[in-house]
Structure formats: C-alpha cells, structure tokens
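# Survey of secondary and tertiary structure
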Amino acid sequence: MSAPETPSAKIDTTMKIGVLALQGDFDAHRLRLEELGAEVVLVKKPEQLDAIDGLVIPGGESGTFLKLLGEEGFAKLKDFVHAKPTFGTCAGAILLATEVENPQQKGLGALNIRIRRNAYGRQIDSSIRQGLLGSSPIEMVFIRAPKIEHVGEGVEILATEGNDPVAVRQGKTMAATFHPELSEDTRVHKAFLELVGDALVEQTRGLFSGKPSLSGELIRNRRTDSGQ
Ligand code: GLN
C-alpha cells in the first residue's frame, strides 16, 4: 500500500523554520509546522541559526533558556531575532520582550512590551480559555503564563483574552502568551509562516536591487550555500 499523501506534499514552499530545541515543548511546534508544509530544523547550536528563514522559541522556563544559551548563545540569538522572523510562545514571548518582571531578567529586545512572568498565580497556573484572534474566537491553552502588561509603540495586538493582549506582533517578530501548538487550530502558526514568506520576498527584492533589506551577513551566507 502506498503512503497516504500528506497535506505538506501539496504546499510548494522552501521555507526552513528552526525551532529552538534547548528545552521545553519544541516538538509540538515541529509537528504543527511540518503539518503546514514547512521544513523544520531543531536548533541546538548557535551556528544552525545561519541556515534558517525563521525561528520559533517555544514555551519552557525562560530563566533556564537564558542559562542554557549562555552569553554567546544569547548574543547570536539577539542578532538573529533582529534580522529574521521569530515567533515566541510563553517563555519564548518572555525572551523576546524588552522588559521582563517577576523577577526582572534580560530580554532580546525584539518586542517593545513589558511582560510579567507567572502572572496568574499558582492556583490557576494552567487553563484553557476562549479568546479572540482578531475578531474570531480561538481556543487558548495557558500554562504558567506571563501577562503582557504594557504594549509599546509599534506593537500590534493580534489576539486578546478578556481585556489582555495575548498575541502581538512588531515588524517580523510575533509572540503569544498561550500555546497555539497545543490546540488543533492552525491559524496562529499559519500567520507566522506568512510573516516568514513576506520576509523572504522582501529579501529577494533586496538582492535584486543590490540593497539587502535584511542582515547582509545572513544573505551572503545564503549565496554561499547555494554555490553562487
Ligand atoms: N513560567 C514560564 C517562565 O516564566 C513560562 C511558562 C511556559 O512557557 N509555559 O518562563
């Protein structure tokens, strides 16, 4: 019997998406992104960042991520998130922020938000709630979730739960305080893949006009990879 055709076989894409795989729930993201047709790389070493078009930073424990990254890993990740599309969920959202509270810790500064770790307290440390993505209802799984306490200039609110912003975007950076990889709804990951697709188009335009629109170094790596 021949293998059933997977949905990904029908999607024509060359997108290579990395999932930071130091700890946390990276595999659920891998499955979702593959289901949507992306090629997924589990990123365990900083140099793997050179070969991907976008990155997902999963949930986990943001303080542990910082320890595992070390100074050098953090610096390399910071360069990446300022050059290429990145999507952080929960602990990933905390890492991407400019300001982190409870306790204070450093952030990558790609999202102009103030975020509070473990903001819902111990009693309700996990819950499934219904929120709004734009104006349509969507299931949201929260696990020891942070709260976005302040949204600064340039940040667009993509999703809300009650009065709280729970998914945001600034330029090519996206974050959610919930875990879309744990629900069946694929819309949030699709939105991220669209962001990556747009950045690739922009990058190609930059190459043709001689003015790279994203990091020059990353583009040079891409040319070397393809032997041009
Ligand atoms: N509480 C975690 C932190 O502060 C985040 C929880 C999660 O990623 N599910 O980093």
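For the structure itself, consult the block above.
Bear in mind that the values here come from a model prediction, so they are computed numbers and not experimental data. (Residues numbered from 1 in each chain as written. Predicted model: local features only at pLDDT ≥ 70, side-chain atom pairs only at ≥ 80, totals over all residues.)

## Considering the overall build of the chain
Secondary structure summary: the chain contains five helices and twelve strands in total. Within the chain, the fraction of its 228 residues that count as buried is 36%. Counted over contacts in the chain with a minimum sequence separation of 6, partners at least 24 positions apart contribute 63%. (Helix = DSSP H or I, 4+ residues; strand = E, 2+ residues; numbered from the N terminus. Buried ≥ 20, exposed ≤ 12 C-beta atoms within 10 Å, placed from the backbone. Contact = placed C-beta atoms within 7 Å.)

## Focus on the nonpolar core
Ranked by size, the top nonpolar core spans 52 residues in total, and within it Ile17, Ala93, Leu96, Ala97, Leu111, Ala175 and Ala176 carry the most contacts. Contacts of Leu96, omitting those with residues within four sequence positions, involve Ile57, Val81, Thr86, Gly88, Gly107, Leu108, Ala110, Leu111, Thr173 and Ala175. (Core = buried A, V, L, I, M, F, W, Y, C linked by C-beta atoms within 7 Å.)

## A few points about the pairing of strand β10 (residues 156-161)
Two elements, strand β7 (residues 126-133) and β10, share two bridges in a ladder whose sense is antiparallel. In the strand pairing of β10, Leu133 is matched with Ala159. Inspection of the sheet shows β10 paired to strand β11 (residues 164-170) by five bridges, in the antiparallel sense. Looking at the pairing, Glu156 lines up with Arg169 of β11. Where β10 folds back onto β11 in an antiparallel hairpin, the turn is made up of two residues, including Gly162, whose phi is positive at roughly 60°. (Pairing = 2+ DSSP bridges.)

## Focus: the site of the ligand
The full set of residues close to the ligand is Gly59, Gly60, Glu61, Ser62, Cys90, Ala91, Ile94, Arg117, Asn118, Ile143 and Arg144. Across the shell around the ligand, the residue classes break down as four nonpolar, four polar and three charged. (Near = placed C-beta within 6 Å. Nonpolar A, V, L, I, M, F, W, Y, C, P; charged D, E, K, R; others polar.)

## Observations concerning helix α4 (residues 187-209)
Along its 23 residues, α4 runs 33 Å from first to last C-alpha, staying within 8% of the 33 Å computed at 1.5 Å per residue. Burial in α4 covers these residues: Val188, His189, Phe192, Leu193, Val196 and Ala199. (Expected span 1.5 Å × (residues − 1).)

## A few points about the pairing of strand β8 (residues 136-143)
Of the pairings in the sheet, the one linking β7 to β8 comprises eight bridges and is antiparallel in character. For Leu132, the partnering residue across the bridge sits in β8 and is Pro137. Here β7 folds back onto β8, and the loop between the two strands holds two residues, one of which, Gly134, carries a positive phi near 60°.

## Describing the sheet that holds strand β9 (residues 147-151)
Taken in spatial order, the three strands of this open sheet run β5-β6-β9, and their pairing is mixed. Only two strands of the sheet have a single partner each, and these edge strands are β5 (97-101) and β9. If you compare each strand with its neighbour and ignore which way they point, the axes differ by 30° on average. Here strand β6 (residues 111-116) pairs with β9 via four bridges, running antiparallel. Each residue of the ladder has a partner; that of Ile113, found in β9, is Val151. (Axes fitted to C-alpha atoms, helices over the stretch in contact; angles between N-to-C directions.)

## Overview of helix α1 (residues 26-35)
Buried residues of α1: Phe26, His29, Arg30, Arg32 and Leu33, and no others. Buried residues along α1 sit in contact with β1 (16-20), β2 (39-43), β3 (54-57) and α4. Looking one or two residues beyond α1, the residue adopting positive phi is Gly37, at roughly 100°.

## Some remarks on the sheet that holds β8
One open sheet accounts for nine strands, arranged β2-β1-β3-β4-β12-β11-β10-β7-β8; its pairing is mixed. The sheet terminates laterally at β2 and β8, the two strands that pair on one side only. Averaged over neighbouring strand pairs, the angle between their axes works out to 25° when direction is ignored.

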